[in-house]
Amino acid sequence: MVRESANDADLLNVTVHQPGPSEVASSLSDMSKRKDPPRPVVVSVWAKAAGRCSMCGDPQLVSAIRDVTVTIGEIAHQAGATEGKKSPRGDADVSLPARDKEENLMLLCHECHRKIDSTSGQEVYTVEVLRGIKEQHEAMVAALTDFRTESRTLVVATRSTVRQQAVAATPREIAFALVENRRTPYALGNLTYNVTIDLTDPVSDEWVWQRGMKQIDAAIEGIEATLSAGRVDHLSVFALAPIPLLAYLGHKLGDKTTVDAFRRSRDHTDRAWCWGEETTGVPVFVHDLPDVGRESDSIVVALDVTASVKTERLPADLTDLPTVRLHPSNAAPGPDLLGSRRALDSFGRAWRRLLAQLENDFPEVNRLHVVAAVPAPAAVAIGRFHRPYADPAMVMYELGEDTRYQRALEIPA
Ligand SMILES: [Zn+2]
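All values reported here derive from a predicted model rather than from experimental measurement.

**Brief notes about the overall build of the protein chain**
Helix and strand counts for the protein chain come out as 11 helices and 16 strands. Considering the protein chain as a whole, with its 413 residues, one finds that 36% of them fall into the buried category. Pairs at least 24 apart in sequence give 74% of the contacts found in the protein chain among residues at least 6 apart.

Spelled out as structure tokens, the structure:
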């Protein structure tokens, strides 16, 4: 390999490859045939990769130390630079002149470069695989940086505990979902992801709900400050937490700001938080009103989305109350029923219709006991579309480990 000349150090101090001592000796015979790719090609590869490793995404333009900008990225060859035995993927069916062309080069960090060039790595990272990785990375950079068409969003994420495991959307998962939604994250100082709400306390006691509400209140203050400063007018919510806390979060976010709530699918890839397409059509939700209890001041609201709420699991003091049930009319409840954004919108409209009809038909009701089998974004919608001063207070219930619903928290009228 050939290092950049000192004169070029002010532009891109690109190191093509950093061989270990044993490699140096064995590749000496290749050296005479090798030279660095032309500078415009190198600049283009760096620019299209946004200065990030195409595999792990780590930034490769490192901060300035005393006026000197340091680059740590490496321009890696897909088909090896030479046809020599020591050149990784050197036997690929790519002509020698084409090997220093942009199509054959990609920006990698040192660790990823070593990984793909190692003996075992070469078996996994074939030319085709590397080409795919590069294309995907460049497509994501192009989409994310299309500032003409994208609008900024403030990312609100939770950290929570699900089955004793800490759960949070990763920055990479959030990036994939935002790209698809044509949003760029608003940068708050050097934080990529703007507001994180810690809801990791295992739900066991009433104080946990109170503390969760306090954490949400504190986060909302930061969100409101950013919104009112006019820096951003859209929120992207990546939340996984017990339903009562998500409804409370929705209540605090309110309906005035545009909010996109994302859902965690069972897809364990970088696309875990991307919405899917409907496979069986958009679900339509209807509600069944009770015939009795028009004078009642409390009512049970059962929301059947991921499953049917079993009313025999309700606390004893609720069993005599009139019950309104919201359920899909053209499908069965199930964990994937709200798999698309349109399906979530359909639920939101149905929930608003239900609240409006309760206000009309049950004017004495001042408290709704909400028992919801819903996915996280629907729980956020329950709170967001609950109208302060118009709708009754909502008492939210959570299914306990004993499979009985327990009162968790109250969202005020
Ligand atoms: Zn890397």
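**Notes on the confidence of the model for the protein chain**
Predicted confidence across the protein chain gives a mean pLDDT of 86, with 88% of residues reaching 70 or more. Per-element mean pLDDT across the protein chain ranges from 38 in helix α1 (residues 21–26) up to 98 in helix α11 (residues 376–384). Under a pLDDT of 50 for its full length, residues 1–32 has, in the predicted model, 34 contacts with residues more than four places off or in other chains.

**Points about the environment of Phe-347**
Of note, Phe-347 is situated in helix α10 (residues 341–361). Residues Phe-347 and Leu-326 lie 21 residues apart in sequence; the distance between their C-alpha atoms is 9.3 Å. For Phe-347, the contacting residues outside a window of four places in its chain are Phe-285, Val-305, Leu-338, Ala-378 and Ala-381.

**Concerning the packing of helix α9 (residues 243–253) against α11**
Interhelical geometry of α9 versus α11 gives an angle of 45° and a closest axis separation of 6 Å. Viewed along their axes, α9 and α11 adopt a mutual orientation that is oblique. Crossing geometry of α9 relative to α11 is assigned as right-handed. Contact residues: Ile-243, Leu-246, Ala-247, Tyr-248, Leu-249, Gly-250, His-251 and Leu-253 in α9; Ala-376, Ala-379, Val-380, Ala-381, Ile-382, Gly-383 and Arg-384 in α11.

**Quick notes on the sheet that holds strand β14 (residues 367–373)**
Pairing in this open sheet of 6 strands is mixed, and the strands run β11-β13-β12-β14-β15-β16 from one edge to the other. Both outer strands of the open sheet, β11 (285–288) and β16 (405–411), are each paired with one neighbouring strand and no more. On average, each strand axis in the sheet is inclined to that of its neighbour by 25°, with strand direction left out of account.

**Considerations on the pairing of strand β9 (residues 234–238)**
For β9, a buried count of 4 out of 5 residues is recorded, marking the element as mostly surrounded by other parts of the structure. Bridge count for strand β5 (residues 151–162) against β9 is 4 bridges, and the pairing is parallel. In the strand pairing of β9, Val-155 is matched with Ser-236. In the classification by handedness, the crossover that spans β9, the intervening α9 and the parallel strand β10 (residues 258–262) is right-handed.

**Observations regarding the nonpolar core**
Formed by 75 residues in total, the largest nonpolar core has its most connected members in Ala-239, Leu-246, Phe-347, Val-370, Ala-379 and Met-396. Taken together, domain 2 (151–262) and domain 3 (285–411) each give at least three residues to this core, which thus spans both. Among the nonpolar cores identified, the runner-up in size contains 17 residues, and Met-55, Leu-105, Cys-112 and Leu-130 belong to it.

How each quantity is defined
Residues numbered from 1 in each chain as written. Predicted model: local features only at pLDDT ≥ 70, side-chain atom pairs only at ≥ 80, totals over all residues. Helix = DSSP H or I, 4+ residues; strand = E, 2+ residues; numbered from the N terminus. Buried ≥ 20, exposed ≤ 12 C-beta atoms within 10 Å, placed from the backbone. Contact = placed C-beta atoms within 7 Å. pLDDT = per-residue confidence, 0-100. Axes fitted to C-alpha atoms, helices over the stretch in contact; angles between N-to-C directions. Parallel < 35°, antiparallel > 145°, perpendicular 65-115°, else oblique. Left-handed = near helix turned anticlockwise from the far one by under 90°. Pairing = 2+ DSSP bridges. Right-handed = clockwise from strand over helix to strand, strands pointing away. Core = buried A, V, L, I, M, F, W, Y, C linked by C-beta atoms within 7 Å. Domains from an automatic or database assignment.

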